[in-house]
Amino acid sequence: MSQYAAYDPDAQRVGARHGTECVRPARPEDAAAIARISAEREGLDEDEIRPRVLGELTADGMGTEHHVFVAEVDRQVVGYGRIRDLTHADHGLPEVLREGWYLTGVVVAPEFRRRSLGAALTRARIEWVRARATEVHFVTNLRNHTSIDLHAAFGFEQIACEFEYPRAGLPLGAGAAFRLTLPD
Ligand SMILES: CC(C)(COP(=O)(O)OP(=O)(O)OC[C@H]1O[C@@H](n2cnc3c(N)ncnc32)[C@H](O)[C@@H]1OP(=O)(O)O)[C@@H](O)C(=O)NCCC(=O)NCCS
């Protein structure tokens, strides 16, 4: 299975909402659900990922230097999105990119896609950054057209593509960085 959603801008949105949906900050007890969604996407073992996710959710700096939001349907976690304050030294951010707040990944379980949950997770993270900074970025593979369209609707604009970012799995020219300015 591809790590990206099949790109289909003409696909019908799923009209009927099923169940009660909400987006909220993640809690430590969400680690298993986040690990399951992440493992399915990356083809990895969720038992290996769960301790890492739990460590992330309980680490110092959760809610200040990094954050995670989850999307729920009927109280079941079906998606998540991360935010991190990235630096060149600590996170391997390419020198050509400005240090600061980055949306560092949003994933919705395949059976819950196209119900606006990815957009809701992105909106919640942007609003969280808005209270702290005047701009927010994200980096993605240029092949991930779904991600690019999702963020473009919020006003993100491409600012760079001539970089390599090994920690994000991006060789030279494979990725692009996008910025959204957040006026007060
Ligand atoms: C990207 C992802 C999170 C989107 O989640 P989603 O809940 O399906 O997205 P939404 O329903 O909120 O859609 C918001 C916008 O994204 C775009 N979009 C979403 N899915 C799309 C698809 N399959 N093809 C084309 N555009 C798509 C559309 O512009 C859509 O706006 P519209 O509803 O006005 O058409 C989801 O496809 C996913 O988990 N993909 C795999 C992980 C990934 O690539 N994440 C991004 C980089 S880390």
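Scroll up to find the structure.
What this report covers is the structure whose coordinates are included nearby. Every chain is numbered on its own, with residues counted from 1 as its sequence reads. Where local features are concerned, this predicted model is filtered to residues with pLDDT of at least 70; where side-chain atom pairs are given and counted, the filter is 80 or more; whole-chain, interface and lining totals use all residues. With hydrogens and water stripped out, all remaining heavy atoms of the structure feed into the side-chain values.

Before going further, it helps to examine the nonpolar core. Here, the term nonpolar core denotes a set of buried Ala, Val, Leu, Ile, Met, Phe, Trp, Tyr and Cys residues that are joined through side-chain atoms within 4.5 Å. Classification of residues uses two cut-offs on accessible area relative to the type maximum, computed with a 1.4 Å probe and protein chains only: under 20% is buried, over 50% is exposed, and between them is partly exposed. Counting residues in each nonpolar core, the largest one holds 38 residues, and the members touching the most others are Ile34, Val136 and Phe156. A helix here means a DSSP run of H or I that spans at least four residues, while a strand means a run of E at least two residues long, and both kinds are numbered starting from the N terminus. Mapped by element, the contributors of at least two residues to this core are helix H1 (31-42), helix H2 (46-58), strand S2 (66-73), strand S3 (76-86), strand S4 (100-108), helix H4 (117-130), strand S5 (135-141) and strand S7 (175-181). The biggest single contributor to this core is H1, with six residues. It only takes one pair of heavy atoms within 4.5 Å for two residues to be counted as in contact. With sequence-adjacent residues up to four places away left out, valine 136 is seen in contact with Trp101, Leu103, Val129, Phe156, Phe178, Arg179, Leu180 and Leu182. With 10 residues, the next largest nonpolar core counts Leu93, Ala160, Phe163 and Tyr165 among its residues.

Our focus in this paragraph is the packing of aromatic side chains. Working definition: a ring pair exists when centres of Phe, Tyr or Trp rings (six-membered ring for Trp) sit within 6.5 Å. Plane angles under 30 degrees give stacked, over 60 give edge-to-face, the rest tilted. The tally for this structure, following the rule as stated, stands at three aromatic pairs. Ring centres of tryptophan 101 and tryptophan 128 lie 5.1 Å apart, and the angle between their planes is 90°; this geometry places the pair in the edge-to-face category. Placement of the pair is tryptophan 101 in strand S4 and tryptophan 128 in helix H4, with a sequence separation of 27 residues. Exposure remark for tryptophan 101: the relative accessible area of 9% places this residue in the buried category. A relative accessible area of 11% places tryptophan 128 in the buried class. Of the aromatic side chains, those joined through ring pairs into one cluster are Phe138, Phe156 and Phe178. Here the basic side chain of arginine 132 rests over the ring of tryptophan 128, its NZ or CZ set 3.7 Å away from the ring centre. Our definition puts a charge over a ring when NZ of Lys or CZ of Arg is within 6 Å of the ring centre and also within 35 degrees of the ring normal.

We now examine the environment of glycine 19. Among the secondary structure elements, glycine 19 is positioned in the segment before strand S1 (21-25). Sequence-wise, glycine 19 and leucine 180 are 161 residues apart; in three dimensions their C-alpha atoms are separated by 32 Å.

What follows is about the sheet that holds S3. Following DSSP output, two strands are said to pair if at least two bridges run between them. With mixed pairing, seven strands are arranged side by side in an open sheet as S1-S2-S3-S4-S5-S7-S6. Looking at strand neighbours, the two that pair on one side only are S1 and strand S6 (157-160), the edges of this open sheet. On average, each strand axis in the sheet is inclined to that of its neighbour by 30°, with strand direction left out of account. The strands that H1 touches are S2, S3 and S4; relative to S3, the one it contacts most, it runs at about 85°. All axes here are fitted lines through C-alpha atoms, helices being fitted over the stretch that makes contact, and every angle between N-to-C directions spans 0 to 180 degrees.

Spanning 12 residues, H1 covers 16 Å between terminal C-alpha atoms, matching the ideal 16 Å at 1.5 Å per step. Of all the residues in H1, the buried ones are Ala31, Ala33, Ile34, Ala35, Ile37, Ser38 and Ala39. Lining the buried residues of H1 we find H2, S2, S3 and S4. At the C-terminal side of H1, glycine 43 shows a positive phi close to 70°. Here a helix's expected span is defined as the number of its residues, less one, multiplied by 1.5 Å.

Right, let's get into the pattern of salt bridges. Where side chains of opposite charge bring their charged atoms close, a pairing between them can arise. Salt bridges are defined by distance alone: a side-chain nitrogen of Lys or Arg within 4 Å of a carboxyl oxygen of Asp or Glu. Per the stated rule, a full pass over the model turns up eight salt bridges. The salt bridge partner of arginine 24 is aspartate 30, with a shortest N-O separation of 2.9 Å. Look at arginine 24 and you get buried, because its relative accessible area is 11%.

Take unusual backbone geometry next. Within the chain, aspartate 74 stands out as a residue other than glycine whose phi angle is a positive 50°. Along the chain, the position of aspartate 74 falls in the loop between S2 and S3. Phi at arginine 114 takes a positive value of approximately 65°, unusual for a residue other than glycine. Tracing the backbone shows arginine 114 in the loop between S4 and H4.

A word on a negative patch on the surface. Candidates for patches are residues over 30% relative accessible area with no salt bridge; among them, like charges are joined within 9 Å and nonpolar side chains (Val, Leu, Ile, Met, Phe, Trp, Tyr) within 5 Å. We get accessible surface area from the Shrake-Rupley algorithm with a probe of 1.4 Å; when it comes to residues, only the shown protein chains can shield them. His is not counted here, nor are the chain ends, while Lys and Arg score as positive and Asp and Glu score as negative. Here the site of a charge means NZ on Lys, CZ on Arg, CG on Asp, or CD on Glu. A cluster of acidic residues, Asp60, Glu65, Asp85, Asp90, Glu95 and Glu99, forms a negative patch at the surface. Here aspartate 90 is to be found in helix H3 (residues 88-91). In this structure aspartate 90 comes out as exposed when scored by relative accessible area, which is 54%.

Remember, this is a structural readout, not a statement about activity or role.
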